[in-house]
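Analysis of the macromolecular model
Given next are the chains, with one letter for each unit.
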Amino acid sequence: MTTEPTDASPASASPGSALPVTAPPAQSRKLLLAVDAPSLLHRNHHARAESALLDQGGRPAWALHGMLRQILEAIDQFAPDAVVFGLDDRRDSVRERMYPAYKAGRAAKDATLVDQLERAAALLDALGLQTVTPAGLEADDVSASAAVWAETHGWECVIITSDRDSFAHISEHTRVLRLINGGINASPLLNPARLFALYGIAAEHYLEYAALRGDASDNLPGVPGIGEKTAPVLLSQMGSMRSVWADIEHCDGANLVAALDSYCEETGQRRIGAGLLKRLTAPGARERFDFNLAIMSGRPVDLGLTPDAPGTPGLLPLDPDRVSRVVGYLGVPATTQLALRVLTEPPGSRLAAPTWG
């Protein structure tokens, strides 16, 4: 017997459904592009390995080229004022020290991928873009900090990634371009409304949703019995997990049961309140939620961006000679031409018709 809600719940839209990005008009507010470099390198390594592309030094370059090509297309699309690339600290991990089984079970990385992961920062730094490898932390911490930085400085932010982790940073000022099959143009640009359409989750509650659900790719089990259909209903009806735990502590979950059963009656589903309360009060349930929340939460990172100092790393436009030399080293003339066009032009905030929707 299942007590999971049916697909009549708000999360009935498929996470793989096409919500393609369209080119936004020029914007008056400045725009920061934050790139989850490892996720793009992994994706391009597997997608482009058959090309066996080597750079002019004879080293593997297909993942580096694929990532750079996608970012050039994104820059062409969004015309940002600054670009920052987050990288993982590959030698230390705060999260692994907290939880030695973190990401356990993943297949060993191919040596050619490791080589390109190790060279990514040098390539991007040589271009004049900004890379951040936070000690003991990950690219997603850089993305989280980029979202905070942009809002603090009155900028907009677009995070580019192939993972779902960055969905927790979506807000009215931050969107996530999740790269899926089909590249930049076929990938969904997620704002709060689109996130809700896909998962039935308000953007500000996505982190709690993820902590309830768990993350198999990071070897983080969720709260037993609460999955991708139940969690959105719980959060939509109770508002937040803070309210859930408070109701359990002070009212033995009476309001929770009433709210969920009322929802089920309205939607013609089997009542789930008592069963869900039992799962939430089972031994270890709250500890699992709190632990996942602690692991998944972004840590603050200094991005090193100085927008008031022209020519500093990460700010666009870039020097044409530098772009030609560095991108040309990858040995793909068409990509060099694209880089010269999109990296050496003024950003969108300097153009006319300044509105970005």
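Residues numbered from 1 in each chain as written. Predicted model: local features only at pLDDT ≥ 70, side-chain atom pairs only at ≥ 80, totals over all residues. Heavy atoms only, no water.

**Quick look at the packing of aromatic side chains**
Under the criterion given, the structure shown has eight aromatic pairs. When the centroid spacing of 6.0 Å and the interplanar angle of 55° are considered together, the rings of Phe167 and Tyr199 count as tilted. With Phe167 in the loop between β4 (156-161) and β5 (174-178) and Tyr199 in helix α6 (residues 192-199), this pair connects stretches of sequence that are 32 residues apart. Judged by its relative accessible area of 1%, Phe167 falls in the buried class. What makes Tyr199 buried here is its relative accessible area of 3%. Seen in terms of ring centroids, Tyr199 and Tyr209 are 6.0 Å apart; in terms of plane orientation they differ by 55°. Their pairing is tilted. Of this pair, Tyr199 sits in helix α6 while Tyr209 sits in helix α7 (residues 206-213), and the two are 10 residues apart along the sequence. (Phe/Tyr/Trp six-rings, centres within 6.5 Å; stacked < 30°, edge-to-face > 60°. Helix = DSSP H or I, 4+ residues; strand = E, 2+ residues; numbered from the N terminus. Buried < 20%, exposed > 50% of the residue type's maximum accessible area, 1.4 Å probe, protein only.)

**Here we look at the sheet that holds β5**
On the basis of which strands lie adjacent, the open sheet formed by six strands has the order β3-β2-β1-β4-β5-β6 and mixed pairing. Looking at strand neighbours, the two that pair on one side only are β3 (130-132) and β6 (189-190), the edges of this open sheet. Judged from the five bridges that link them, strand β1 (residues 31-36) and strand β2 (residues 82-86) form a sheet pairing that is parallel. Considered in β2, the bridge of Leu33 is made with Val83. The sheet strands contacting helix α2 (residues 62-78) are β1, β2, β4, β5 and β6, and the helix crosses β1 at an angle near 160°. Helix-sheet contacts for helix α5 (residues 139-152) involve β1, β2, β3, β4 and β5, and the interaxial angle to β4 is about 165°. (Pairing = 2+ DSSP bridges. Contact = heavy atoms within 4.5 Å. Axes fitted to C-alpha atoms, helices over the stretch in contact; angles between N-to-C directions.)

**Thoughts on the pairing of β2**
Regular strands have side chains that alternate between both faces of the sheet. The buried fraction of β2 is high, at five of five residues. Sheet analysis places β2 next to β3, joined by three bridges and oriented parallel. Following the sheet pairing, Val84 is matched in β3 by Gln130.

**Here we look at the nonpolar core**
Of all hydrophobic cores here, the largest spans 58 residues; its most connected members are Leu32, Leu212, Leu234, Met241, Val244 and Leu280. If sequence neighbours within four positions are ignored, Leu212 has contacts with Gly222, Val223, Ile226, Ala231, Leu234, Leu235, Met241 and Phe289. Judged by nonpolar contacts, the second largest core, of 46 residues, contains Ala74, Ile75, Phe85 and Val326. (Core = buried A, V, L, I, M, F, W, Y, C linked by side-chain atoms within 4.5 Å.)

**Describing unusual backbone geometry**
It is generally the case that most residues other than glycine have a negative phi and that most peptide bonds are trans. Look at the link from Leu316 to Pro317: it is a cis peptide, with omega at 5°. Structurally, the position occupied by Pro317 is in the loop between α12 (285-296) and α13 (320-328). Of note, Ala52 is a non-glycine position whose phi angle comes to about 50°, a positive value. For Ala52, the location among the structural elements is in the loop between α1 (37-48) and α2. Located in the positive-phi region is Asn219, a residue other than glycine, with phi close to 60°. You can see Asn219 is positioned in the loop between β7 (214-215) and β8 (220-221).

**A short note on α5**
Across its 14 residues, α5 extends 20 Å between first and last C-alpha, which sits within 8% of the 20 Å expected from 1.5 Å per residue. The buried fraction of α5 amounts to 11 of the 14 residues, a majority that puts the element mostly inside the structure. Considered for burial, the residues of α5 that qualify are Ala139, Asp140, Asp141, Val142, Ser143, Ala144, Ser145, Ala146, Ala147, Trp149 and Ala150. Looking at the residues trailing α5, positive phi occurs at Gly154, about 75°. (Expected span 1.5 Å × (residues − 1).)

**Description of the packing of helix α10 (residues 254-267) against helix α11 (residues 273-280)**
As a packed pair, α10 and α11 sit with axes 8 Å apart at the nearest point and diverge in direction by 135°. With respect to each other, α10 and α11 are oriented oblique. Seen along the crossing, α10 lies across α11 with a hand that is right-handed. Across the interface between the two elements, Leu256, Val257, Leu260 and Asp261 of α10 pack against Gly273, Ala274, Leu276, Leu277 and Leu280 of α11. Across the contact of α10 with α11, the residue classes tally to seven nonpolar, one polar and one charged. (Parallel < 35°, antiparallel > 145°, perpendicular 65-115°, else oblique. Left-handed = near helix turned anticlockwise from the far one by under 90°. Nonpolar A, V, L, I, M, F, W, Y, C, P; charged D, E, K, R; others polar.)

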